[in-house]
Amino acid sequence: MARPAARLSTGAPSPDDAARTVPASEDARAEIRNWYAHLMGERRMSEATLVNYHRDITRFFEFLVDHLGGPASLDALAALQTRDFRAFVSHRRNEGLQSRSVARMISSIRSFFRFLDRSNVLSNASATTLRSPKLPHALPKPLSVSGADAMIEEAGVLPGEAWKGLRDAAVLTLLYGCGLRVSEALALDRNAAPLKDTIRITGKGNKERIIPVLPAAREAVERYLALCPFGLTAVDPLFVSARGKRLGQRQVREAMQTLRLRLGLPDTATPHALRHSFATHLLAGGGDLRAIQELLGHSSLSTTQMYTEVDSARLLDVYDKAKRRR
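Residues numbered from 1 in each chain as written. Predicted model: local features only at pLDDT ≥ 70, side-chain atom pairs only at ≥ 80, totals over all residues. Heavy atoms only, no water.

Digging into the overall build of the chain
Stage number 1. Tallying secondary structure elements over the chain gives 15 helices and 2 strands in all.
Stage number 2. When each of the 326 residues of the chain is scored for burial, the buried share is 42%.
Stage number 3. Sequence separation of 24 or more characterises 64% of the internal contacts of the chain that already satisfy a separation of 6 or more.
Stage number 4. As presented, the chain carries roughly 17500 Å² of accessible surface, and 51% of it is formed by carbon and sulfur atoms. (Helix = DSSP H or I, 4+ residues; strand = E, 2+ residues; numbered from the N terminus. Buried < 20%, exposed > 50% of the residue type's maximum accessible area, 1.4 Å probe, protein only. Contact = heavy atoms within 4.5 Å. Areas by Shrake-Rupley, 256 points an atom, 1.4 Å probe, with all protein chains shown as cover.)

Considerations on the layout of surface pockets
Stage number 1. The volume enclosed by the second largest pocket comes to roughly 270 Å³.
Stage number 2. Around the second largest pocket, the lining is made up of 15 residues, and of these Lys-164, Gly-165, Arg-167, Asp-168 and Ala-255 lie nearest the centre.
Stage number 3. Those elements giving two or more residues to the lining of the second largest pocket turn out to be helix H8 (162-178) and helix H11 (249-263).
Stage number 4. The class makeup of the residues in the lining of the second largest pocket is 5 nonpolar, 5 polar and 5 charged. (1 Å grid on protein atoms, 1.4 Å probe; cavity = no way out; pocket = protein on both sides within 12 Å on 5 of 7 lines; lining within 4 Å. Points joined across faces, edges and corners; volume = space filled by probe spheres on them. Nonpolar A, V, L, I, M, F, W, Y, C, P; charged D, E, K, R; others polar.)

Regarding the packing of aromatic side chains
Stage number 1. In the structure shown here, the tally under the stated rule is 13 aromatic pairs.
Stage number 2. With a centroid separation of 5.4 Å and 70 degrees between ring planes, the pair formed by Trp-35 and Phe-112 is classed as edge-to-face. Of the two residues, Trp-35 sits in helix H2 (residues 26-41) while Phe-112 sits in helix H6 (residues 99-118), which places them 77 residues apart along the sequence.
Stage number 3. Here Trp-35 falls in the buried class, since its relative accessible area comes to 0%.
Stage number 4. Residue classification places Phe-112 among the buried residues on the basis of a relative accessible area of 0%.
Stage number 5. For the pair Trp-163 and Tyr-224, a centre-to-centre distance of 6.5 Å together with 25 degrees between the ring planes defines the contact as stacked. Of this pair, Trp-163 sits in helix H8 while Tyr-224 sits in helix H10 (residues 215-227); the two residues are 61 residues apart in sequence, bridging distant segments of the chain. The two residues Trp-163 and Tyr-224 agree in class, both being buried.
Stage number 6. Members of the aromatic cluster, joined through ring pairs, are Trp-35, Tyr-53, Phe-60, Phe-61, Phe-63, Phe-85, Phe-88, Phe-112 and Phe-113.
Stage number 7. Over the ring of Trp-163 we find Arg-167; its NZ or CZ atom is 5.4 Å from the centre of that ring. (Phe/Tyr/Trp six-rings, centres within 6.5 Å; stacked < 30°, edge-to-face > 60°. Lys NZ or Arg CZ within 6 Å of the ring centre and 35° of its normal.)

Things to note about the packing of helix H3 (residues 47-68) against H6
When two helices pack together, their arrangement is given by the angle between the helix axes and by the axis-to-axis distance.
Stage number 1. Relative to each other, H3 and H6 sit at 80 degrees, their axes nearing to 9 Å. If you check the angle between H3 and H6, you find them roughly perpendicular. Only Arg-104, Met-105, Ser-107, Ser-108, Ile-109, Ser-111, Phe-112 and Phe-113 of H6 make contact with H3, whose side of the interface consists of Asn-52, Tyr-53, Asp-56, Ile-57, Phe-60 and Phe-61.
Stage number 2. Class assignment of the residues belonging to the contact of H3 with H6 gives a composition of 8 nonpolar, 4 polar and 2 charged. (Axes fitted to C-alpha atoms, helices over the stretch in contact; angles between N-to-C directions. Parallel < 35°, antiparallel > 145°, perpendicular 65-115°, else oblique.)

Concerning H11
Stage number 1. The terminal C-alpha atoms of H11, which comprises 15 residues, lie 21 Å apart, in line with the 21 Å expected from a rise of 1.5 Å per residue.
Stage number 2. Among the residues of H11, Val-252, Ala-255, Met-256, Leu-259 and Arg-260 are the ones counted as buried. Considered in projection along H11, the buried side chains sweep an arc of 145 degrees and stay on one side of the axis. What points out from H11, more than 90 degrees from its buried face, is the exposed set Arg-250 and Leu-261.
Stage number 3. Of the surrounding elements, those touching the buried residues of H11 are helix H7 (145-155), H8, helix H9 (182-186) and helix H12 (271-284).
Stage number 4. Trailing H11 by a residue or two, Gly-264 shows a phi angle of about 70 degrees, which is positive. (Expected span 1.5 Å × (residues − 1). Arc of directions from axis to C-beta.)

Quick word on the pairing of strand S2 (residues 208-212)
Stage number 1. Residues Arg-209 and Ile-211 of S2 are buried on one face, while the alternating residues Glu-208, Ile-210 and Pro-212, pointing to the opposite face, are not.
Stage number 2. Inspection of the sheet shows strand S1 (residues 198-202) paired to S2 by 5 bridges, in the antiparallel sense. Within the sheet, the bridge partner assigned to Ile-201 lies in S2 and is Arg-209.
Stage number 3. The turn linking S1 back onto S2 is made up of 5 residues, and Gly-205 within it adopts a positive phi angle of 65 degrees. (Pairing = 2+ DSSP bridges.)

Considerations on the pattern of salt bridges
Two side chains that carry opposite charge are able to pair once their charged atoms sit near each other.
Stage number 1. For the coordinates displayed, the defined rule picks out 15 salt bridges.
Stage number 2. Taking the shortest distance from any N to any O, the salt bridge between Arg-29 and Glu-26 comes out at 3.0 Å. Taken together, the residues Arg-29 and Glu-26, both in helix H2 and 3 residues apart, mark about one turn of the helix.
Stage number 3. Between Asp-56 and Arg-104 there is a salt bridge whose closest N-O contact spans 2.8 Å. Of this pair, Asp-56 sits in helix H3 while Arg-104 sits in helix H6, placing them 48 residues apart in sequence.
Stage number 4. Classification of Asp-56 by relative accessible area gives buried; the value is 2%.
Stage number 5. Residue Arg-104 is classed as partly exposed on the basis of its relative accessible area of 26%.
Stage number 6. Salt bridges sharing common partners tie together Arg-181, Glu-184 and Arg-209. (Salt bridge = Lys/Arg side-chain N within 4 Å of Asp/Glu carboxyl O.)

Let's talk about the confidence of the model for the chain
Stage number 1. Overall, the predicted model of the chain reaches an average pLDDT of 86, with 88% of residues at or above 70.
Stage number 2. Considering each helix and strand of the chain separately, the mean pLDDT is smallest for helix H15 (residues 306-325), with a value of 51, and largest for helix H4 (residues 74-79), with 97.
Stage number 3. Confidence drops under pLDDT 50 across residues 1-10; counting only partners more than four residues distant or on other chains, this segment forms 22 contacts.
Stage number 4. Counting contacts from residues 312-323, a segment whose pLDDT is below 50, to residues more than four positions away or on other chains yields 5 contacts. (pLDDT = per-residue confidence, 0-100.)

The following block contains the structure:
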């Protein structure tokens, strides 16, 4: 049974539009719409994830047009064998797709076929035989305490309109001082300020968490609002662009790039690195791992545990440098 379409703000297509652009037969296209509506409505996936999953499933059906000699139907999907799925993965590899993208692509296909199975539309055991490639275990790359402080301070004194610099400094302070994701900081509305002792954040999977607000973060937001040239109402965005619209992630990344160049910091000094810095510095200061997990909004403790590896790696690096100086 088709699920009602949901509305997205920008970026990701609606279920109807998502299905319409996939080269599939009518019966398969109807189920693509239902699957996509399920991801959007029940799974509450982020817009970025929806865009990626839609792109992956579109590439899959484009491949099947050539592979099968025409748009795939539900019967054709049920008849696919392991070699067909492997042929698609090989095809995408030959196009230059990297392991991380291949892993996400396989996750998209599994999700679609799992949905078809649970909806009693069709069952294809071969789809479950797809194995994701092993991904390198990359540790987060946080900034040092001095590096994070320098970026925030420098943002507030960049040449140009003063209010924009104070705005960027306030956003970066929330990333570093509260451990927010960029999307979470930019989703705040004007009625969130003045910030109180805690702030309620809705993160991935529509999960809510309550985060303590440091005085430095509260003051940074107040300094920005004091100079912001727009008369923002309670329902307006808290952080706005030069046109008074909600500030975008691309603009925050561009500001960070400017700051990296001015301060001579590495390319790993990204907005998300400030969130990594928040967790790493809390842990180094004796913070409880479970508490840090809740502050970050991680669903699994294993995700938070990677910061213990960062801390250990730093200690070993300091020890190694000390040995070489002897």
